[in-house]
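Residue-level structure breakdown
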Amino acid sequence: MGSTNSTLSRIPNVEELMQETGFTPAHIVRLYDRFEALDKEKTGHLRPQDFGAINRLAMNPIGDRIIGSFFSTGQETVDFHSFVRILAHFRPADKNRPKDPSMPQPVNSRTSKLKFAFQLYDQDKDGKISRAELLQVLRSMLEMQVTEEQLESIADRTIQEADLDKDDAISFEEFRKSLEKVNIDHKMSIRFLR
Amino acid sequence: MANYCSSSSMVDLWLTTAAAARQHVCFHLIPRLSGVVPESCLLIVVGLLVGGLIKVIGEEPPVLDSQLFFLCLLPPIILDAGYFLPIRPFTENVGTILVFAVIGTLWNAFFVGGLLYALCQIESVGLTSVDLLACLLFGSIVSAVDPVAVLAVFEKIHINELVHILVFGESLLNDAVTVVLYNLFEEFSKVGTVTVLDVFLGVVCFFVVSLGGVLVGAIYGILAAFTSRFTSHTRVIEPLFVFLYSYMAYLSSEMFHLSGIMALIACGVVMRPYVEANISHKSYTTIKYFLKMWSSVSETLIFIFLGVSTVAGPHAWNWTFVIVTVILCLVSRVLGVIGLTFIINKFRIVRLTKKDQFIVAYGGLRGAIAFSLGYLLSSNHQKRNLFLTAIITVIFFTVFVQGMTIRPLVELLAVKRKKESKPSINQEIHTEFLDHLLTGVEGVRGHYGHYHWKEKVNRFNKIYVKRWLIAGENFMEPELIAFYRKMELKQAIMLVESGQLPSALPSTVSMQNIQARATPRLSKKREEEIRRILRSNLQNNKQRMCSFSYSRHTLFDADEEDNVSQVHLRKMERRVSMMKGRMSHYLTVPADRESPRPGVRRVRFESNNQVFSADSVPTAHFEQPSTPRTPDAVSLEEEVPKRRNLKADGGGPRGTVSDSNQGELNYQRLARCLSDPGPNKVENYPFMS
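As recorded in an unreviewed UniProt entry, chain B goes by Sodium/hydrogen exchanger and comes from Hucho hucho. Taken directly from UniProt, the Sequence similarities (unreviewed entry) text for chain B runs: "Belongs to the monovalent cation:proton antiporter 1 (CPA1) transporter (TC 2.A.36) family." Reading the Subcellular location (unreviewed entry) entry of the UniProt record for chain B gives the comment "Basolateral cell membrane".

Looking at an unreviewed UniProt entry, one finds chain A named Calcineurin-like EF-hand protein 2 and attributed to Hucho hucho.

What follows is the structure, encoded as structure tokens:
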């Protein structure tokens, strides 16, 4: 307990962070340890190279997108707070949360998780996944194994299937609808202790 | 000879009775009743009637012979279950399933056995001669959840995937525990004493039995996959290999007293992805149909025999013992589930709710395995009849009472049901995307979690295993592409069914040369038209719900499937062989969108082995009985060589205004996108389905 408290005291605004993200002190400490482990030069900030050093991310087809998602537009570095905020999306949802439409969605609700995933597709942040963006994602996931033609057909069919308002792009609502059968809470949550 | 004939005709008679009984029971007699009462109950009742009839005649009704049961009746059901086991939910919940299967069954066995022994100590019951080991043996027999019964009941209620896989998985995996406990206690009760060493050995035995069973199954599965790699010239016997290897796995492991059920499951699970990549479409269909058929027949026979055996079997009724057994089974199940869930929920990401727990507890049905194990007890075992009676009572209670009431309870409690969903390319893509995302986030987090290991297994599979077990070039094909192809073919089949595509082709027509490849010369406008048509088709087209269900009774299959896929396969063959030439054709089949049947429309294609140079554009005609009707009919030129002497058209594609059949366009789309450089070995295009 002592070390937890001392670690916590080193983090500025930790109460606010816990409030906002719903992490417990134990979680925060773990994340802070990880943050420091990644931050090899001890600058208190993470740069893209620090993320790039993670082997598993380097092998990941969408690794660069994931890394990019940590850095908000214009920022060159990620501080601990942003790091935690992004990871908070993947906390399992609280089942007993009262559904209050007036309150803003907590960061690990189903909608927020979906929104995060959506933003990974939508690189130019126009609120829609265009055909080109979809093609890019497909290309990176399927690597070299398919022809351009096949990719195009798949992209076409995907858009046709999901696109309800016929604007030839997938909006967030359409995205959400196409995943309504998937248990997003299950699919987009990871363990934070141990 | 006469004897042989008569015994095999007896078998035949039984089978016919079973099949007929099932048919009538399910569909004809009382359709509404079969909605309320699960089939298993009805079949047991039929069995009771048949048994009663035989007794009235004066004959000795046959009892469910354990040999017959374990060697012939059980394997098909288990293989069917294992082969079509939904892997993703299973692996996601495998920890929970194992906890329920192992610890839950152990708890049940000891609780029931122990308390029954305590009961037997009471003088008034009159069973003081039953010793502890016998009670524990009885407990171990009656405590295992039965896969056959679970399958029969759960199939109809369409519970959500999580609960289904939990109960079902548990019923499959607890076989190892049952086998070990049963053998142990039987040995012990012969010997009479138990030492600590024996207990320790028992634990070791458990691990050996279960892991050994899985290993045996996996080995046979790999062998089957490896064999299927080379069966491209002998397509006809492909299904045989699947069945043979699975049955050998079962027999081998039973021979070594390992868990046969786990071997069978492991074999089916391991073998499936590779075998399906290798075998032909027809073989796949054969396997599917045979498995469903055998498991259906087996299930029917098992339940009927249960009924008959109840009438026949020697009974020793002891009110107290039987009633207490039933109560104890229920109580121990409920307590076990609640207790275990409490512990498990600390480790799960998605917790099990009270409703889930209730269904898991309530769905713990006992069935024929318990009866057969009881029957196997040596006949000079004291109290065998007592045990058998009690087992049968428990089985009846769970199957009838719990089986009948589970559906109304599910509806009453508003438990989440299974969502029927069309296979959606969106879902596939996004799910794969999320898999990558989660793996990446786990990497950032520094955590070796579920996704990490899944990724590792996939990578291992892709790099090392697929290379050896999948024929031809197919091992490179990513899953997404296979899925997409599957989808497109299914849609083509549906379109054939709904009549938008000519399915029965006269012999003179050979649709063998439908070249469909998009070329850069497709003008922008053309592309737009294509896209618009396809989009509108997708909305208009009434797509049948294809649910990937593990129900035995729903098979997705159109009778047309083979027909179309034949056509399709031949098409593919030709297309690939034509890939050498630079053909620039794209296919449109204008047709009547409104008409429900293709009518008298004749579409003429001809095979053509010539190579066209890039700028010659042959045209083809279509004879249409009907005139264009739809206002927004868009045309796309169909360019298919009509005769040997081509009519060069110069210029570009020429559009003729006529009806466009979206369905056919879709088919064309299908054809087009499948015009990839496929495997070089063309004639035996393996089909993944």
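The structure having been displayed, the exposition proceeds.
For the rest of this paragraph, the subject is the overall build of chain A. In terms of helices and strands, chain A carries 12 helices and 2 strands. The helix and strand sequence of chain A, counted from the amino end, reads α-α-α-α-α-α-α-α-β-α-α-β-α-α. Referenced to the eigenvectors of the C-alpha coordinate spread, the extents of chain A come out at roughly 60 × 40 × 30 Å. Taking all 194 residues of chain A together, 48% fall into the buried category. In chain A, the proportion of contacts linking residues at least 24 apart, taken out of those at least 6 apart, comes to 56%. Element-wise, carbon and sulfur atoms account for 52% of the exposed surface of chain A, whose accessible area totals about 9600 Å².

With that out of the way, let us pick up the packing of aromatic side chains. Residue and element names in this part refer to chain B. This structure, assessed with the given rule, holds 28 aromatic pairs over all chains. Their ring planes at 75° and their centres at 5.0 Å tell us that Phe 69 and Phe 70 sit as a pair that is edge-to-face. Classification of Phe 70 as buried rests on a relative accessible area of 19%. Directly above the aromatic system of Phe 84 lies the positively charged group of Lys 292, at a separation of 4.2 Å from the ring centroid. The residue whose ring lies beneath Lys 346 is Phe 342, and the NZ or CZ to ring-centre distance is 4.4 Å.

Okay, the environment of B:Tyr375 next. Residues and elements named next belong to chain B. Mapped onto the elements of the fold, Tyr 375 is located in helix α16 (residues 368-376). Since its relative accessible area comes to 25%, Tyr 375 is described here as partly exposed. Between the alpha carbons of Tyr 375 and Leu 388 there is a distance of 6.9 Å; along the sequence they are 13 residues apart. Residues in contact with Tyr 375, not counting those within four places in the same chain, are Val 63, Leu 64, Ser 66, Arg 384 and Leu 388.

This part takes up the confidence of the model for chain B. Close reading of the predicted structure is inappropriate where its pLDDT is low. All names here are of chain B. Of the residues in chain B, 65% have a pLDDT of 70 or more, and the chain-wide mean is 71. Overall, residues 554-562 carries pLDDT values under 50, and its contacts beyond four positions in sequence, including any with other chains, amount to 21 contacts. Here residues 579-689 is modelled with pLDDT under 50, and outside its nearest four sequence neighbours on either side it reaches 264 contacts, counting other chains as well. The ipTM for the predicted assembly is 0.90, set against a pTM of 0.70.

At B:Lys462, helix α19 (residues 450-469) of chain B shows its maximal kink, close to 45°. For α19(B), every residue scored as buried is listed here: B:Tyr451, B:His452, B:Lys454, B:Asn461, B:Val465, B:Lys466 and B:Leu469. Buried residues belonging to α19(B) abut α5 (55-59) and α12 (184-187) of chain A together with α5 (87-92), α10 (196-229), α12 (260-278) and α18 (425-445) of chain B.

Residue and element names in this part refer to chain A. Taken as a whole, chain A is organised into domain 1 (1-89) and domain 2 (107-189). The distance between the C-alpha centroids of domain 1 and domain 2 comes to 26 Å. Each partner contributes to the interface: domain 1 provides 12 residues, whereas domain 2 provides 16 residues. If you sort the residues of domain 1 by the area they bury against domain 2, Pro 61, Arg 65 and His 89 come out on top, with a joint share of 66%. Counting across the interface, domain 1 meets domain 2 through 0 salt bridges.

Calculation notes
- Residues numbered from 1 in each chain as written.
- Chains lettered and ligands numbered in written order.
- Predicted model: local features only at pLDDT ≥ 70, side-chain atom pairs only at ≥ 80, totals over all residues.
- Heavy atoms only, no water.
- UniProt positions renumbered as here; feature names shortened; annotations may be inferred.
- Helix = DSSP H or I, 4+ residues; strand = E, 2+ residues; numbered from the N terminus.
- Buried < 20%, exposed > 50% of the residue type's maximum accessible area, 1.4 Å probe, protein only.
- Contact = heavy atoms within 4.5 Å.
- Areas by Shrake-Rupley, 256 points an atom, 1.4 Å probe, with all protein chains shown as cover.
- Phe/Tyr/Trp six-rings, centres within 6.5 Å; stacked < 30°, edge-to-face > 60°.
- Lys NZ or Arg CZ within 6 Å of the ring centre and 35° of its normal.
- pLDDT = per-residue confidence, 0-100.
- Bend = angle between axes of the 7 residues up to and from the residue.
- Domains from an automatic or database assignment.
- Buried area = accessible area lost by both parts, 1.4 Å probe.
- Salt bridge = Lys/Arg side-chain N within 4 Å of Asp/Glu carboxyl O.

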